[in-house]
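Fold and contact review
Below, each chain spelled out in residue letters.
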Amino acid sequence: MPVMGVARFERFFRAAAGLDVDKDDLKRYNEFIDHKLYDLLLMAQATAKANRRDIIEPFDLPITKGLQESIHKFRALNEEVELAPILEQLATYPPLDATPSEETEARLPEIVGGLSLALARTFKIIDPDRKNPQTAQWDRAQQIFDLLL
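Report follows, based on the coordinates. Think of each chain on its own: its residues are numbered from 1, step by step along the sequence as written. Restriction of local features to residues with pLDDT of at least 70 applies here, the model being predicted, together with a cutoff of 80 or more for giving and counting side-chain atom pairs; totals for whole chains, interfaces and linings are based on all residues. Heavy atoms throughout the structure, all of them, feed into the side-chain values; hydrogens and water do not.

Considerations on the overall build of the chain
A run of DSSP states H or I qualifies as a helix once it reaches four residues; a run of E qualifies as a strand once it reaches two. Both are numbered from the N-terminal end. Of regular secondary structure, the chain possesses six helices and two strands. Counted from the first residue to the last, the chain has its helices and strands arranged as α-α-β-α-α-β-α-α. Restricting the calculation to C-alpha atoms gives the radius of gyration, and the globule rule supplies 2.2 Å times the number of residues raised to the power 0.38. Taking 2.2 N^0.38 as the reference for a compact globule, 149 residues should give roughly 15 Å; the C-alpha atoms of the chain span a radius of gyration of 15 Å, in line with that estimate. Considered along the principal axes of its C-alpha atoms, the chain spans approximately 50 × 30 × 25 Å. Note on contacts: a residue pair qualifies if any of its non-hydrogen atoms lie within 4.5 Å across the two residues. Sequence-distant contacts in the chain: of pairs separated by 6 or more residues, those separated by 24 or more amount to 70%. Per-residue and other accessible areas were derived by the Shrake-Rupley procedure at a 1.4 Å probe size, with only the shown protein chains allowed to occlude residues. Carbon and sulfur atoms provide 52% of the accessible area of the chain, an area that totals close to 8,000 Å².

Quick look at the pattern of salt bridges
For this analysis, a salt bridge means a side-chain nitrogen from Lys or Arg found within 4 Å of a carboxyl oxygen belonging to Asp or Glu. Scanning the model with the defined rule gives nine salt bridges in all. Notably, a salt bridge pairs Arg-28 with Asp-25, separated by 3.3 Å at the nearest N-O pair. Remark: Asp-25 and Arg-28 occur in helix 2 (residues 23–50); sequence separation between them is three residues, near one turn of the helix. Close ionic contact of Lys-36 with Asp-39 constitutes a salt bridge, the shortest N to O distance being 2.5 Å. Taken as a pair, Lys-36 and Asp-39 lie in helix 2 at a separation of three residues, close to a single helical turn.

These values are about where atoms sit, not about what they do.
Listed below in structure tokens is the structure:
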């Protein structure tokens, strides 16, 4: 991620949950986003296939109420930190058996934003006093998201 992107990433986590993240956290964050976006698309693919379609539509994505609320909150926060252009670069995925529609692909950056906001707030739930998440907090957050998404 370019330096400007790192600064926006840091500003986003400060605005979202009062966290101080650094370049080392960026690698973990990218891995987290890659895994969770793939998980969502994999389940969406299963839904599309069950409905005898080769195209993943937005309604195939397993967006929970909590994730939807995080997406809405991200939209408001995004105006402040302007992270959407960077999230568009992160909203990539490996080849699937079904193809996301254009509408589905257009929604991916905001979904990544919602996941990012939920991740930041999860760190504060795991350890409310910690300002800079460490490996243990990243691992716990990943385990929580693996249980729920």
